[in-house]
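# Residue-level structural notes
What follows is the residue order along each chain.
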Amino acid sequence: MKNINFAAILGLIVGLMICSVMVLFFNESPIHFLKVLGGSFYQSKFDMGLTLYYVTVLIFSGLAFSIPFKAGLFNLGTEGQILLTAMIAAVVGQSINVNYFTVVTLTLLIGVISSWIVAAFKAYRNSHEVVVAIMLNFIFAALASYVVLNFYQNPQSQNPESALVSESIQGFLKDPLKVYFDGAPVSSFLMIAVICSLLVWILENKTKWGLEIKAYGENPSAAERAGISSRKIIFLVLSLAGVFSAFVGLTEVLGNTLQYKIGFSAAYGFLGIVVALLAQGHPIGIIFSSFVIAVLHKGASDLDLETMHLTRDYSKVIQAVIILSVGAAVYFESSVKQFFKKLKG
Amino acid sequence: MIDIILSTLRLSLPVLLAASGGYFTEKTGIAQISLEAYLLTGAFTAATVSYFSHSVVWGYVIAIVLGVLVSQLFSLLVLKLKANAIVVGTALNLLVMGVIPIISKNIFDSTGSTPSLNIDNAGIMAQIYPYVLTAALLGLSYFLAERSRWGLEIKFAGQNSDVLQSVGVNPTKVRWMAITFSAAMTSVGGAILSTYLASSYSPMMSAGRGFIALAAVIFAGWRLGRAWLVVVFFALTEALQIYIQSLQLSFKIPNELIQSMPYLITLLVLVFYKNKSSAPRFVEY
């Protein structure tokens, strides 16, 4: 199949090899390390369910990075938007007899509006989207903590977290997927995530908007000469990213804990970058790369117990090394191609 | 009043160095979002080496060496293997944030902090050296940026690298030197953070200062002197924040609001500020 990206797969394998050799520095056996890393997710139904929960949030955050990336924008704002939207979902969910429609609509709306801040700065002030997004990440994290701790703190808990959402929207407790996986964090949001990937594929490849986004990403000034409004593209791609960030918040609050727990996101927004790069931006590929990264993330969380000298922080190292080795592999792939071209020519 | 000024100066030291570091890389047309990584590397290395060698000087030296080594990875990927600078910068931040807790677990059996240093910070010399060092390094950066041939080469690398090639200067080499210099400066900032502002390394102690430094550079329109002013201004808001928290006010200002002040102010200024032509042209290798 010509669609399979060999550079990404090569980068993944090389990255994992580098990571397992690196554990030698910490007196750990690479074989044992790989066993823990790869063997953790199928230990029990619950472990699988937890991994599939990671898959769900990673698909969403991967899409939130990859769509703006197609238009040449670096969306580093997902992390802050995840926290903001999760807070909104938890807060709106507190009111008695609230229904799903209200919670979901409001959360998605806040996701979109929060992304407009970045879009407006980019479109009207030509500020670098990375800087604005980084500032907003700090602000949204502070805002979410402030609202939850000061107004919605769970009175029955010592932990910093909100009270549970109203019983009318606790339906995901009976979610067939959740029940099958022994009450694990996974929920039917996994299906929505997969459907979203397919929809994004259709958007990117079969619609006018998709073509416009790609054209703008390839060459913004040429696209503008062809009548594509740069402001429209910026707002469009970042709004979509906002929707997917909001879905991460919904997955956590409605599908998993039913509350806002401070610090729930293990930098899911940044994991999305790894996912999107590994898939080379392909929306269907994102489903697979999410699974790979979810398995590694799940495995790394067992390193605390299963190894003497490593901690779950090694998950970050693995992500970093994979990003770097995929980057290098893409370069080698293109230079090898050029080499063969020269041979032929 | 004097308290606030002194604490402003104190707090601005690491960020001044990080902003100068960020300036050099950014000015050559390479986006630099891994200042955080160099700050953390410098802070952890300085605290660890000082703890074992009982000498802060060695802490600084090894911090610079390690910071420069980490930056070589950045240069290799961005300049040689043509990877995207923001992607590599993100990866570098993740890498450093992941490696440090594991190393500290193995050396100190802690969850990320180093033991407290037994440095005598009371002497007048110990109080003054970070200021002297920072002033010297800022002077050096200013000289390199504005008065040296290399400074001019850096500006051309960011504006129009064809000019450099036509006079026989390799823009990639200019960028590599700038990235390396950035890392060295920022690592010193990190070292000051853990050995002077605190007396040990604690997890994530840079607390976004690398991003603040980057914001300051961009905010200042990629001009070094102005970037320093912005940093001092940020430090002033931070000093005020600490001061306000120490007051027993009758009304309560939320902590989170005060802590997000620098970020809110950044955005507010960006509202009134349209990116001008002094921005380097960011290159895609």
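Residues numbered from 1 in each chain as written. Chains lettered and ligands numbered in written order. Predicted model: local features only at pLDDT ≥ 70, side-chain atom pairs only at ≥ 80, totals over all residues. Heavy atoms only, no water.

## Here we look at the overall build of chain B
When its secondary structure is counted, chain B shows 12 helices and zero strands. Ordered by position in the sequence, the α and β elements of chain B form the string α-α-α-α-α-α-α-α-α-α-α-α. Its C-alpha atoms give chain B a radius of gyration of 19 Å, within 12% of the compact-globule value 19 Å for 285 residues. Over its C-alpha atoms, taken along the principal directions, chain B stretches across nearly 60 × 45 × 35 Å. (Helix = DSSP H or I, 4+ residues; strand = E, 2+ residues; numbered from the N terminus. Rg over C-alpha atoms; globule rule 2.2 N^0.38 Å.)

## Some words on the overall build of chain A
A tally of regular secondary structure across chain A gives 15 helices and zero strands. Rg of the C-alpha trace for chain A: 21 Å, near the compact-globule value of 20 Å for 345 residues, within the 12% margin. Going through the 345 residues of chain A one by one, you find that 57% of them count as buried. If you take every contact in chain A between residues at least 6 apart in sequence, the share linking residues at least 24 apart comes to 75%. For chain A, the accessible surface area stands at approximately 15100 Å², while carbon and sulfur atoms represent 67% of it. Here chain A carries 22 positive and 18 negative side-chain charges, and the mean point of each set is 13 Å from the other. (Buried < 20%, exposed > 50% of the residue type's maximum accessible area, 1.4 Å probe, protein only. Contact = heavy atoms within 4.5 Å. Areas by Shrake-Rupley, 256 points an atom, 1.4 Å probe, with all protein chains shown as cover. Lys, Arg positive; Asp, Glu negative; His and termini not counted. Charge placed at Lys NZ, Arg CZ, Asp CG, Glu CD.)

## Digging into the interface of chain B and chain A
Taken residue by residue, the interface counts 40 residues in chain B and 41 residues in chain A. Together, the buried faces of chain B and chain A total about 3700 Å²; carbon and sulfur atoms form 79% of this surface. On the surface where chain B and chain A come into contact, there are zero salt bridges. The interface formed by chain B and chain A contains one residue pair in polar contact (both at pLDDT 80 or more). Mapped by element, the contributors of at least two residues to the side of chain B that touches chain A are helix 3 (56-80), helix 4 (85-108), helix 9 (209-219) and helix 12 (261-271) of chain B. With 15 residues, the single largest contributor to the side of chain B that touches chain A is helix 4 of chain B. By residue class, the composition of the side of chain B that touches chain A is 26 nonpolar, eight polar and six charged. (Buried area = accessible area lost by both parts, 1.4 Å probe. Salt bridge = Lys/Arg side-chain N within 4 Å of Asp/Glu carboxyl O. Polar contact = N/O pair within 3.5 Å; in protein donor to acceptor, adjacent residues only side chain to side chain. Nonpolar A, V, L, I, M, F, W, Y, C, P; charged D, E, K, R; others polar.)

## Some words on the side chain of Gln259(A)
Residue and element names in this part refer to chain A. By the secondary structure assignment, Gln259 is in the loop between helix 11 (230-257) and helix 12 (268-278). One polar contact links Gln259 to Glu161, side chain to side chain, over a distance of 3.3 Å. Here Ser162 takes part through its backbone oxygen, which lies 2.9 Å from a polar atom of the side chain of Gln259. In contact with Gln259, not counting residues within four places along its chain, are Ala90, Asn154, Glu161, Ser162, Ala163, Leu164 and Val253.

## Thoughts on empty space enclosed by the protein
Inspection of every chain in the model, using the stated rule, returns four cavities of 30 Å³ or more. Its boundaries defined by the atoms lining it, the largest cavity holds a volume of some 60 Å³. Taken together, His128(A), Val130(A), Val131(A), Glu26(B), Ala31(B), Ile33(B), Ile86(B), Leu214(B), Ile218(B), Trp222(B) and Phe282(B) make up the lining of the largest cavity. The residue inventory of the lining of the largest cavity, partitioned by class, reads nine nonpolar, one polar and one charged. (1 Å grid on protein atoms, 1.4 Å probe; cavity = no way out; pocket = protein on both sides within 12 Å on 5 of 7 lines; lining within 4 Å. Points joined across faces, edges and corners; volume = space filled by probe spheres on them.)

## A closer look at the confidence of the model for chain B
Regions with low pLDDT carry predicted coordinates that are not meant to be interpreted in detail. Scored by pLDDT, chain B has a mean of 85; 92% of the residues are at 70 or more. Complex prediction metrics read pTM 0.87 and ipTM 0.85. (pLDDT = per-residue confidence, 0-100.)

## Things to note about the packing of aromatic side chains
Throughout the structure, instances matching the rule amount to 31 aromatic pairs over all chains. Judged by centre distance (5.0 Å) and plane angle (85 degrees), the rings of Tyr180(A) and Phe181(A) are edge-to-face. With a centroid separation of 5.7 Å and an interplanar angle of 10 degrees, the aromatic rings of Phe52(B) and Phe108(B) are classed as stacked. Of this pair, Phe52(B) sits in helix 2 (residues 35-53) while Phe108(B) sits in helix 4; the two residues are 56 residues apart in sequence, bridging distant segments of the chain. Site record: aromatic cluster; members linked through ring pairs are Tyr23(B), Phe24(B), Trp150(B) and Phe181(B). It is Lys45(A) that lies over the ring of Tyr180(A); its NZ or CZ is 4.3 Å from the centre. (Phe/Tyr/Trp six-rings, centres within 6.5 Å; stacked < 30°, edge-to-face > 60°. Lys NZ or Arg CZ within 6 Å of the ring centre and 35° of its normal.)

## Describing the pattern of salt bridges
Residue and element names in this part refer to chain A. Within the structure shown, the criterion is met by 11 salt bridges over all chains. In this structure, Arg312 and Asp304 form a salt bridge, with 3.0 Å as the shortest nitrogen-oxygen distance. With relative accessibility at 46%, the residue Arg312 sits in the partly exposed group. What makes Asp304 partly exposed here is its relative accessible area of 30%. Counted as one network, the salt bridges with shared partners bring together Asp47, Lys298 and Asp302.

## Regarding a nonpolar patch on the surface
All names here are of chain B. A grouping of Val57, Trp58, Val61, Val65, Leu66 and Leu69 is seen on the molecular surface, where their side chains present a nonpolar patch of about 550 Å² in accessible area. For Leu66, the position within the fold is in helix 3. For Leu66, a relative accessible area of 34% gives the class partly exposed. (Patch = residues over 30% accessible without salt bridge, like charges linked within 9 Å, V, L, I, M, F, W, Y side chains within 5 Å.)

## Thoughts on the packing of helix 2 of chain B against helix 4 of chain B
All names here are of chain B. Between helix 2 and helix 4, whose axes approach to 8 Å, the crossing angle comes to 15 degrees. Our classification of the angle between helix 2 and helix 4 gives roughly parallel. In this structure, helix 2 crosses over helix 4, and the sense of that crossing is left-handed. Side by side, helix 2 and helix 4 meet where Glu36, Ala37, Tyr38, Leu40, Thr41, Phe44, Thr48, Tyr51 and Phe52 of the first sit next to Leu92, Asn93, Val96, Met97, Ile100, Ile103, Ser104, Ile107 and Phe108 of the second. Here the contact of helix 2 with helix 4 is built from residues that sort into 13 nonpolar, four polar and one charged. (Axes fitted to C-alpha atoms, helices over the stretch in contact; angles between N-to-C directions. Parallel < 35°, antiparallel > 145°, perpendicular 65-115°, else oblique. Left-handed = near helix turned anticlockwise from the far one by under 90°.)

## Re unusual backbone geometry
Residue and element names in this part refer to chain A. A positive phi angle is found at Leu258, which is not glycine, with a value near 65 degrees. Inspection of the secondary structure assignment puts Leu258 in the loop between helix 11 and helix 12. Taking the relative accessible area as the measure of exposure, Leu258 reaches 5% and is therefore buried. Phi is positive for Gln280, close to 50 degrees, though the residue is something other than glycine.

## A short note on the environment of Glu212(A)
Residue and element names in this part refer to chain A. In this fold, Glu212 is placed in helix 9 (residues 208-218). A relative accessible area of 10% means that Glu212 is categorised as buried. Placed 118 residues apart in sequence, Glu212 and Gln94 show a C-alpha to C-alpha distance of 41 Å.

## Focus on the environment of Ile322(A)
Residues and elements named next belong to chain A. Positionally, Ile322 belongs in helix 15 (residues 314-344). Distance from Ile322 to Pro220, taken between C-alpha atoms, is 30 Å for residues 102 residues apart in sequence. Ignoring any residue separated from it by four or fewer positions in sequence, one finds Ile322 in contact with Leu12, Val274, Leu278, Ile293 and Leu296.

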